[in-house]
Every structure is written in C-alpha cells, then in structure tokens.
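Structure at a glance
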Amino acid sequence: MVSTSHITINHPIVAAKQSAAIDHISRGRYTLNIVTGWVQPEIEMFGQPMLSHDDRYACADEWINIVKRLWTEDETFDHEGRFYKIKKGYLEPKPIQYPYPAIMNAGASERGRHYAVKNCDLVYTVIRTGGLDECRAHVKAYHDLAKSYGREIKVWTLINIVQGETEKEAREFYNDYVHKRGDWEAAKNMVETFSLDINKRDVPPERIKPLQEAFIQGWGGLPVVGTREQVVDTMATLSKAGLDGLLVAFPRYEEGMRDFRDKTYPLLKQAGLRDFT
C-alpha cells in the first residue's frame, strides 16, 4: 500500500501520524511516497508559495528528518528549522515496520536524485525506452549514486500496458485513444507547467509533442503495447535491466486489470518474474 504526501501541503507531523495509522491498518505493508511538487497552480490553490527547485528539496530534507524522528524517537523533541517549528513533538503508536516504513521518491533532477538515494529506500523513475542497455545504464546510475552515500536502494518505474489479442489490435487501440481522442490541448498545458522556469526543466521544442503524447498515453509511463506475450517479454527485459518493481497502469483500468490477472499474470509466473501467488 503506497500513499503520497506533499511536503508543502502536508505537515510532517500529520504525515507521520497518517502513515503510522496506515502501516497498522495494512499490517506493515505501507510505503510513503514523498513529492516536492511541480504543478504550480495546485500549490497556489492551497495558498502556499511555489518554492524554488532547490528550496523544495531543502524543505524535503527537513520534512523527512522530522518524520523519521517522530517514527523512531520515544522522547518528545523540539525542532527549530527554516521551514518547520515544532514544540515537544512526539508520535504514538509507532509504525509496525522497523525502524519505519519504506520511503519512495521520484527525484529526477541532479538535486532530486541525490535527495532520493540519500533519504529513501525506493527510487521511482521514468524509463523512456524499453532497450536493455539504455535502461540498465539508467538504473545503474541510481545504484552507483546510492553507493556514494553508503546506501542500497531499489528502483521502480511505471509502465502503461495496452494489451490486445494481437499486436495490431493493441496498436489500433493505442492510436485511437491517444491520437484520435486524446486531449492534446490539456497535455500541452501540462507540458507548459512541467517546463516552467521554477521547475528547472529545459524542454526543447522537438520534445514538446513527445511529452504531450507521454502524458496522454499514460502519464509519462513507458508504453507497453502488444500481446500478452509481448507484455511479459518487455517486463522480463526491464527486470534484466535491474528494475526491482513496476507500477502497472492500463488505459481501460478495470478491463485491463482483469486481462492482466487472467491472461498475463500466469505467463509472468512461468517466466519466473513472480515467485508467489
């Protein structure tokens, strides 16, 4: 069970308490995903200032240190920081998982990558290609950076599964919901927000349309289009590249989940990609 908490919208004390409760409800199967935020209109909706890129990560450093203290320290503590001030902070009960639940972050910038491997257990990253060598190098870069901090991390990504009885059927559906019926204007708005100066992302003109398509087809996840066998082959390639986990999404969610459960999952087990039921 994974939930997401935003550092400037959710106070660390509230996030720590909510996370501990969910960890108990899920019997120790909880993961906290930390986000620093890049959608400026959403931040402003809460009456919060949009922090600069570097300040967001400075705030995130302070935020996670407070959360970890609440999860692990038995005595009350005071905190006087740049972003948060706490008097006699404490948390009971503690999470079930020891010393605390797994923490995930999707830092992709240079500053974000350092934050993720230094503070988190799981790094959530975007894979732009299913090619083995490029994907392996992408994953290895995170592991190498983590080792520079004396840490081990796991790397996950998102895939968007567009499955059909034939590859032709799958690709025709992809073309229909992306190119024929996709909201390209909304996707353009997202790309413009994504590439605001405050987010420190330089999006060249030739990348705008591919990014629009990425948002439409599956919120930036790697599109996996084809038969159930092709889907399993791609997942096997991602596993060989060193990825530890996949978040799977489907354009037709209920139907996609049923097909995956009934038709694809048995093949995953046969391929040795799942070792439990």
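A brief structural summary. Nothing here was measured: the structure is a model prediction, and the numbers come from that model.

Some words on the overall build of the protein
Scanning the protein from N- to C-terminus turns up 10 helices and nine strands. Projected onto its principal axes, the C-alpha coordinates of the protein cover approximately 60 × 45 × 35 Å. Looking at the protein as a whole, 42% of its 277 residues qualify as buried. When contacts within the protein are restricted to residue pairs at least 6 apart in sequence, those whose partners lie at least 24 apart make up 72%. Surface exposure of the protein reaches about 15,100 Å², of which carbon and sulfur atoms provide 52%.

Observations concerning the pattern of salt bridges
For the structure shown, the criterion picks out 16 salt bridges. Between Glu-73 and Arg-69 there is a salt bridge whose closest N-O contact spans 2.8 Å. Of the charged contacts in the structure, one is a salt bridge between Glu-192 and Lys-188, with a shortest N-O distance of 2.6 Å. One end of the pair, Glu-192, and the other, Lys-188, are both in helix H7 (residues 184-194), four residues apart, so they sit about a helical turn from each other. Under the relative-accessibility criterion, Glu-192 is labelled partly exposed at 41%. Owing to a relative accessible area of 35%, Lys-188 belongs among the partly exposed residues under this scheme. One connected set of salt bridges, linked through shared partners, spans Glu-165, Arg-228, Asp-259 and Lys-263.

Remarks on the environment of Gly-256
With respect to the element layout, Gly-256 can be found in helix H10 (residues 253-270). Taking the C-alpha atoms as reference points, Gly-256 and Leu-196, separated by 60 residues in sequence, lie 34 Å from one another.

Thoughts on the packing of helix H6 (residues 167-180) against helix H8 (residues 205-218)
Two elements in contact, H6 and H8, have axes whose closest approach is 9 Å; the angle formed by their N-to-C orientations is 120°. Viewed along their axes, H6 and H8 adopt a mutual orientation that is oblique. In this structure, H6 crosses over H8, and the sense of that crossing is right-handed. Side by side, H6 and H8 meet where Tyr-174, Tyr-177, Val-178 and His-179 of the first sit next to Glu-213, Ile-216 and Gln-217 of the second. The residue makeup of the contact of H6 with H8, split by class, is four nonpolar, two polar and one charged.

Things to note about empty space enclosed by the protein
Where empty space is left becomes clear once a probe the size of a water molecule has been rolled over the atoms. For the coordinates displayed, the defined rule picks out two cavities of 30 Å³ or more. Of the volumes computed, that of the largest cavity is approximately 110 Å³. Around the largest cavity, the lining residues are Ile-161, Val-162, Gln-163, Phe-173, Phe-250, Pro-251, Arg-252, Glu-255, Gly-256, Asp-259 and Phe-260. Sorting the residues of the lining of the largest cavity by element identifies strand E7 (154-163) and H10 as the ones contributing at least two each. Broken down by element, the lining of the largest cavity gets its largest block of residues, four residues, from H10. Counted by class, the lining of the largest cavity contains six nonpolar, two polar and three charged residues.

Topic: the environment of Gly-242
On the secondary structure map, Gly-242 appears in the loop between helix H9 (228-240) and strand E9 (245-249). On the basis of relative accessibility, which here comes to 26%, the residue Gly-242 falls in the partly exposed class. Along the sequence, Gly-242 and Cys-135 sit 107 residues apart, while their C-alpha atoms lie 8.2 Å from each other. When sequence neighbours within four positions are dropped, the list of residues in contact with Gly-242 reads Val-139 and His-143.

Observations concerning the state of the cysteines
Throughout this description, disulfide means a covalent bond between two cysteine sulfur atoms. Considering all chains together, one arrives at zero disulfides under this definition. No disulfide involves Cys-59; its sulfur sits 14 Å from that of Cys-120, the nearest cysteine.

Looking at helix H5 (residues 132-148)
Compared with the 24 Å implied by 1.5 Å per residue over 17 residues, the 24 Å span of H5 between its first and last C-alpha is a close match. Regarding H5, the residues found buried are Cys-135, Val-139, Tyr-142, His-143, Leu-145 and Ala-146. Angular distribution of buried residues about the axis of H5 spans 160°; they occupy a single face of the element. Facing away from the buried side of H5 by more than 90 degrees, the exposed set consists of Asp-133, Glu-134, Lys-147 and Ser-148. The inward-facing, buried residues of H5 abut helix H4 (110-119), strand E6 (122-125), E7 and H9. Following H5 by one or two positions, Gly-150 has its phi on the positive side, about 70°.

Structural notes on the pairing of strand E4 (residues 85-89)
In this structure, strand E3 (residues 77-80) lies alongside E4, joined through three bridges in antiparallel fashion. Each bridged residue has a counterpart across the sheet, and for Phe-77 the counterpart in E4 is Gly-89. Hairpin geometry of E3 and E4 is characterised by an intervening segment of four residues between the two adjacent antiparallel strands.

Calculation rules
Residues numbered from 1 in each chain as written. Predicted model: local features only at pLDDT ≥ 70, side-chain atom pairs only at ≥ 80, totals over all residues. Heavy atoms only, no water. Helix = DSSP H or I, 4+ residues; strand = E, 2+ residues; numbered from the N terminus. Buried < 20%, exposed > 50% of the residue type's maximum accessible area, 1.4 Å probe, protein only. Contact = heavy atoms within 4.5 Å. Areas by Shrake-Rupley, 256 points an atom, 1.4 Å probe, with all protein chains shown as cover. Salt bridge = Lys/Arg side-chain N within 4 Å of Asp/Glu carboxyl O. Axes fitted to C-alpha atoms, helices over the stretch in contact; angles between N-to-C directions. Parallel < 35°, antiparallel > 145°, perpendicular 65-115°, else oblique. Left-handed = near helix turned anticlockwise from the far one by under 90°. Nonpolar A, V, L, I, M, F, W, Y, C, P; charged D, E, K, R; others polar. 1 Å grid on protein atoms, 1.4 Å probe; cavity = no way out; pocket = protein on both sides within 12 Å on 5 of 7 lines; lining within 4 Å. Points joined across faces, edges and corners; volume = space filled by probe spheres on them. Disulfide = S-S within 2.5 Å. Expected span 1.5 Å × (residues − 1). Arc of directions from axis to C-beta. Pairing = 2+ DSSP bridges.

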